[in-house]
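What follows is each chain in one-letter form.
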Amino acid sequence: MSLESPLETIVVDTDLDEPPEKVWRALTEPEVLDRWLAEAKDRAEVVESEPGKRLRLTWRDRDADGGLVESEVTFTLTPMITGGTRLRLVHDGFVHTACMSALARLPRALRRPRLANLGGLAWAA
Amino acid sequence: MPPEAALFRTLADPTRRAVFERLGEGEMTVSDLRSGFSVSQPAISQHLAALKAAGLVSERRAGRNAFYRLRPEGLAPLAGWVDRYRTFWPERIAKLKDVLKDMEP
């Protein structure tokens, strides 16, 4: 399993032993989905489905005063020579992309403020 | 309202976001900032006040001038919000692997 991490996008790649048809069932049959991603019931809505290959969902989070933060989750299934499936999950398309793009345009070192003590940083660089 | 929701709301306004990005160039006064924007100085001041309230901008007064600069640490809650999903998905994929092992062929 590997993670790529620009702040605006989450990508998770993973190799599964099972063939795409079976992985597809785990993504789309409600009772199976409920066993590993119960949140999907409340948060996800299918917007595009290419059976066995690609599933695109709208993913909604509710903030404390009922506002919605909307984003997109895409699962892509690729068959592997071994008979298994390479599964790629991409979580992006945040509707508050506004916010994300402001962040993306900041100098790189400032995007992850928790990782550095920036309190005394001089801005007139 | 969780802090990240406040941030989303503050930066949802395109002019405010542009002001925020512009401050990435360095510390500025309101009149420095105003050049390049077609909005009035009071409007810029209002956006600055909102950014200040959200913890995204700080103000330093020197004589009659006020200087504004970014507070990058103000973005920390946002990074936290995305980070929750950075942990969430690998955990769920691990669960998916278990579920697949148990499934009928």
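The following paragraphs examine the structure supplied in this document. Just so we're clear, the structure is a prediction, and the values are computed from it rather than from any experiment.

Counting its regular elements, chain A contains four helices and six strands. Secondary structure of chain A in N-to-C order comes out as β-β-α-α-α-β-β-β-β-α. The burial tally for chain A puts 43% of its 125 residues in the buried class. Partitioning the contacts of chain A with sequence separation of at least 6, the portion at a separation of at least 24 is 39%. As presented, chain A carries roughly 6600 Å² of accessible surface, and 52% of it is formed by carbon and sulfur atoms.

For the rest of this paragraph, the subject is the environment of Arg25 of chain A. Mapped onto the secondary structure, Arg25 of chain A falls in helix 1 (residues 20-28). In this structure, the C-alpha to C-alpha distance between Arg25 of chain A and Pro51 of chain A, residues 26 residues apart in sequence, is 9.4 Å. The residues touching Arg25 of chain A, leaving out its near neighbours within four places in the chain, are Val32 of chain A together with Met103, Glu104 and Pro105 of chain B.

Enumeration according to the criterion identifies 16 salt bridges over all chains in this entry. Within this structure, Glu48, Arg54, Arg56 and Glu72 of chain A form a network of salt bridges that share partners.

The next subject is the side chain of Asp13 of chain A. Topologically, Asp13 of chain A is positioned in strand 2 (residues 10-16). Of note is the side chain of Asp13 of chain A, whose polar atom sits 2.8 Å from the side chain of Arg88 of chain A.

Rules and cut-offs
- Residues numbered from 1 in each chain as written.
- Chains lettered and ligands numbered in written order.
- Predicted model: local features only at pLDDT ≥ 70, side-chain atom pairs only at ≥ 80, totals over all residues.
- Heavy atoms only, no water.
- Helix = DSSP H or I, 4+ residues; strand = E, 2+ residues; numbered from the N terminus.
- Buried < 20%, exposed > 50% of the residue type's maximum accessible area, 1.4 Å probe, protein only.
- Contact = heavy atoms within 4.5 Å.
- Areas by Shrake-Rupley, 256 points an atom, 1.4 Å probe, with all protein chains shown as cover.
- Salt bridge = Lys/Arg side-chain N within 4 Å of Asp/Glu carboxyl O.
- Polar contact = N/O pair within 3.5 Å; in protein donor to acceptor, adjacent residues only side chain to side chain.

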